[in-house]
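# Residue-level structure breakdown
The chain contents come next:
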Amino acid sequence: MKPPRFAHWLLTRLHPEETLEEVEGDLDELYTYWYERAGRTQATLRYLLNVVSVLPPFVRRRKRQEDYYQTPSILQPTMIRNYLKIALRNLKRQKVSTSINVVGLAIGLATCILIMLYVQDELSYDRYNDKADRIVRVGLKLQMNGKDVGGYSLGQNAARDLKQEFPEVLKVTRIKGQGGEFVSYGTTSFRQDNLLLADSTFFEVFTIPFLKGNPKRALTEPNTVVLTEETARKYFGNQDPIGKVLSFGNDKRPYRITGVVRNVPTNSHFKFDMLATLVGQDQTIDWPGWLYSIDYQTYLLLPEHYDYRQLAAKIPQLAEKQMGSEIQQFLKLTPKQFREKGDDFGVFLQPLTDIHLYSRAESSQSGNIMYVYVLTAIAAFMLLIACVNFMNLATATAVRRSREVGVRKVLGSVKGQLQQQFLIESVLLAMVALIVGLLVVSLALPFFNQLTGKTLSMNLLIKPLMATGLVAGTVLVGLLAGSYPAFYLSSFKPVFVLKGRVTAGRGSFNLRSGLVVFQFFITISLIIATVTADRQLRYMQAQKVGFDREQVLVIHDTHMLRNNETVFRDKIIRSPQVVTGSISGQVPVGRTNMDNTTVRTKEDPDQGVMTRFYFVDPEYIPTLGMRMVQGRNFSKSFPTDASAVILNETAVRALGWQKNPIGRELIGHTDDNGVNIMYRVVGVVSDFHFESLRQKIGPLAMFLGRNSGNILVKTRTDKLPEFLASLKQQWESFAPTAPFSYSFLDDRFEQVYVSEQKIEQILTLFSSLTIFIACLGLFGLATYTAEQRTKEIGVRKVLGASVGSVVALLSKDFLKLVLIALVLASPIAWWGMNQWLKEFAYKVTIDWWIFALAGLLAIGIALLTVSFQSIKAALVNPVKSLRSE
Amino acid sequence: MRRTYLGEFEEVVLLMVAILDGEGYGVTVSQALEEHTGRIVTFGTVHNTLIRLEEKGFVTSELGGGTAERGGRRKRLFRVTALGSRALQEIQQLRQELWQLIPPKTLQLSGS
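Scoring rules and cut-offs
- Here the residue numbers are simple positions, counted from 1 along each chain's written sequence.
- A letter from A marks each chain and a number from 1 marks each ligand, given out in the order of writing.
- Restriction of local features to residues with pLDDT of at least 70 applies here, the model being predicted, together with a cutoff of 80 or more for giving and counting side-chain atom pairs; totals for whole chains, interfaces and linings are based on all residues.
- Think of the side-chain values as coming from all heavy atoms in the structure, minus any hydrogens and water.
- In this description, a line fitted to the C-alpha atoms serves as the axis of each element, helices being fitted only across the stretch in contact, and the angle between N-to-C directions of two axes falls anywhere from 0 to 180 degrees.
- Numbering of helices and strands runs from the N terminus; a helix is a DSSP stretch of H or I covering at least four residues, while a strand is a stretch of E covering at least two.
- An angle below 35 degrees is read as roughly parallel, one above 145 as roughly antiparallel, one from 65 to 115 as roughly perpendicular, and any other as oblique.
- Handedness of a crossing follows from how the near helix is turned relative to the far one, being left-handed for an anticlockwise turn of less than a right angle and right-handed for a clockwise one.
- Contacts were defined at the residue level, with two residues in contact if any of their heavy atoms lie within 4.5 Å.
- Residues are sorted three ways: Asp, Glu, Lys and Arg are charged, Ala, Val, Leu, Ile, Met, Phe, Trp, Tyr, Cys and Pro are nonpolar, and all the rest, Gly among them, are polar.
- Patches here are clusters of residues that have more than 30% relative accessible area and form no salt bridge, with a 9 Å joining cutoff for like charges and a 5 Å cutoff for nonpolar side chains (Val, Leu, Ile, Met, Phe, Trp, Tyr).
- In this description, accessible areas are obtained by the Shrake-Rupley approach with a 1.4 Å probe, and a residue is regarded as covered only by the protein chains that are shown.
- We count a salt bridge whenever a side-chain nitrogen from Lys or Arg sits within 4 Å of a carboxyl oxygen from Asp or Glu.
- Take the buried Ala, Val, Leu, Ile, Met, Phe, Trp, Tyr and Cys residues and link them wherever side-chain atoms come within 4.5 Å; each set so joined is a nonpolar core.
- Burial classes follow relative accessibility: with a 1.4 Å probe on protein chains only, a residue under 20% of its type's maximum area counts as buried, one over 50% as exposed, and anything between as partly exposed.
- The split of the chain into domains comes from an automatic or database domain assignment.
- Summed over both partners, buried area is the accessible surface (1.4 Å probe) that two parts give up on being assembled.
- Each polar contact in these results corresponds to two N or O atoms within 3.5 Å; when the atoms are within protein, one needs to be able to donate a hydrogen and the other to accept it, and residues that are neighboring in sequence are counted only if both atoms are side-chain atoms.

An unreviewed UniProt entry annotates chain B as PadR family transcriptional regulator originating from Spirosoma arboris.

Rendered as structure tokens:
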């Protein structure tokens, strides 16, 4: 009398487990009942039907016992209050791990916030313009003699031609830099370094609000100027500047003030204190075009919702026509011939919002998208490390709290409640860390601003969006960091816990080791990066630049003395403290006049070489301590030196005159009548760096000529202040409009590398922070391990282990992890630094010892951290650790 | 007081559990249903109803009493809880009150 096998099998397979036993029994019994009453066939049929009625989806599932008696809602306020209370008690009781956690997380968060502020600022450049997304700048692509001489400005007529040709160019405006100029009003005179010239359309393209004056008419007339608020205050105090007339330069050109605008935002790629009009400034002589006097930054305003790439596709045709004809005129080459030499020309468009981050470094002000990425990555890593620490420590301390979990479970806590409790604890900790982190940020911000040269403020964080984001982010961090311990702890089985059998399992050890490896991976990579950056910087500064930059004083703006410039020079070199002095517009480092020309050899006039050229006096080379390789310096005793030239070694090579260049002739330029002006080579000067060390040394030609601008003075004095004071006095005796100002050549030299220096400092800062946080984590972990193995250590000591062997035992595991991290980090760091070094023409190699150093450093730090705890553990009297068994 | 809703079939099954007085389980409840009301329902219906009654708190259950004919498997025996018996009594009382309200003639007329 057995029910059909298949139906029974189906029942056992598909019926919910919870009620299977009773249902099986019931159906068996019923089968017997039906069999007896109605016979086998009936019984089988009814059995089948009834089996189906208890299969899913018809059957109702019996709930599990725990769910059965309705627990009070998990989000009851009483419970939450209880969680908070317990959390606070726990945090108070475990002071060490709490403070490690809070400090670690706070530093991580503070770094993140700082970097976020920085990155946010970098990304906000030029976005203050209402039409920011519709403005593009036209740049110049130009390659001559294999050297890229393109840039971000064009000749004077490009803007006009573009506006005429393309209806989609709604507005054009040009900006021209104007170096420093002395501007005076009455007796007040200042050197204005941020003086720009602009078209009258400037204010229709860019959004710089007016305080006084009419933006539509401000720059429409010749010799008008607009001041910023700050400049207006500087010259006029509280007076109304409108209509007043400023005089510019030595020749006292009058400029009428037609407006006062707000200061240019700091996150703008152009900065000006005064904006003078370009009206009436355009040259009508020479070759007004696209390639001649490339001084005009040209901006186009495009229609709304217009992709600038459409325009970029159309411009080349016009550029080809205009620039092609100019090349024909200047170089006597058709565009085709020009290109056949491997050179190229053209234009490109650059959206306004890309200018700051994507332009080649023009000054230390300009940003670099790479640094934005690197910093963001560092921020993410820091936060990740802090989270990892948090998880690590929480998991490690889990054992200490396992009894609590056990008791709670026995008293009826369900898993969800325990998880909630742990999550609330970690979120609470994260919030505390956030508050500490914000404090750290407010303290560190002034230093960070100094480091980055920005003016960031916490105000940005008060914006509702940012504030919510910050808090939400912190809660998320708390949840993430707390999730692993929460799930791990709440899964303890009370029976084992209360028997005292829980030790951290093998599996969790692996996870924790993984986390340690990860931390040290990042730490080591950062150490390698920092060391390499530092070496590169030192290398650049120690580079033989080919001239002597010690003890060289540069007196600025000596052209303001006009004819007295030479008199002044002659006067100061008579002083016993001065070796020699030279008047020159060209100082080899820092911002200075850089002019290019094309020289050709007499033998092969078709072969032009693009070179820099300097006009110097005979004192120039000795003043700067440059070395003559062949021939001689210019001299007053050779009247023919007016048509002589001195080349640098690179120029000699470029002209193909390796063998005996002295006495050869080159064509310097062609005068208006088409006559080639010849220069005879009298000397070869050893190569020196006249640009940043980022670039290779290019060809250079020096001609004898008057070239005012600065006076370079080689001094030999210990009493610098007195010397400077006497110079100032002499300067003022000429009553120039300009104040006495000077700089030292070696200071200027360092200025050039400010951006590298900044990056190196930032890297050092962040890598030490990372190391610090990683150490905190390691310290916590070591504490835990030592605690775990108290008994083991006691037994070992009883059996005769020495302190040293115990310490070694405890440290060994960590060292292994650090070594793994080193192996992983080395290739990645090597690759990354190689990418960075590619920017430099003269660079250090990444030697193996850097990796060894980084490894040793990491191991040393890890050992130091771990040994503190392990020595403590090893010194404990075994009686103490073993008595409680 | 809000009364938990008790369906017609649920009420009948609950009554059966009450009648069986501690001996009610899947088989006996189905048989009693058939015997007293003539309704033949699938076993699944009874099973589900009993689970639902337990969820509503009208019955409790425990496992016990395996016999040879069920292959030694235990039964789930149901018993009416205080809440269940109150619910039944309330229904009974409500019915009674309603019966009182019917005018005597109405049922006679329609009945004859």
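### Comments concerning the packing of helix α2 (residues 26-37) of chain B against helix α3 (residues 43-56) of chain B
Residue and element names in this part refer to chain B. Relative to each other, α2 and α3 sit at 115°, their axes nearing to 10 Å. Taken together, the axis directions place α2 and α3 in an arrangement best described as roughly perpendicular. The two elements α2 and α3 meet at a crossing, and its hand is right-handed. Here α2 contributes G26, V27, V29, S30 and L33 to the contact with α3, which in turn contributes F43, V46 and L50. Within the contact of α2 with α3, the residues separate by chemical class into 6 nonpolar, 2 polar and no charged.

### Notes on a nonpolar patch on the surface
Side chains of V407, V410, L411 and L498 of chain A sit close together on the surface and give an oily, nonpolar patch of about 390 Å² of accessible area. Positionally, L411 of chain A belongs in the loop between α14 (398-410) and α15 (415-452).

### Regarding the nonpolar core
All names here are of chain A. Ranked by internal contacts, the top residues of the largest apolar core, which has 113 residues, are M626, F688 and M702. When residues of this core are assigned to domains, at least three fall in each of domain 3 (369-540 + 754-882) and domain 4 (552-750). Discounting residues that sit within four places of it in the chain, M702 has contacts with Y614, V616, Y620, I621, M626, F634, A644, V645, I646 and F688. Among the nonpolar cores identified, the runner-up in size contains 29 residues, and V136, Y306, L311 and I327 belong to it.

### Some points on the interface of chain B and chain A
Accessible area lost when the parts come together is the quantity often used to give the size of an interface. Listed per partner, the contact involves 25 residues of chain B and 27 residues of chain A. Interface area lost by chain B to chain A is led by F43, E55 and R73 of chain B, which between them contribute 26%. The interface formed by chain B and chain A includes 8 salt bridges. Here E34 of chain B ties to R37 of chain A by a salt bridge, and the two come within 3.7 Å at their closest N and O atoms. At the junction of chain B and chain A, the tally comes to 14 residue pairs in polar contact (both at pLDDT 80 or more). Contributions of two or more residues to the side of chain B that touches chain A are made by α2, α3, β1 (59-64) and β2 (75-80) of chain B. For the side of chain B that touches chain A, the element with the highest residue contribution is α3 of chain B, accounting for 8 residues. For the side of chain B that touches chain A, a count of residues per class yields 7 nonpolar, 8 polar and 10 charged.

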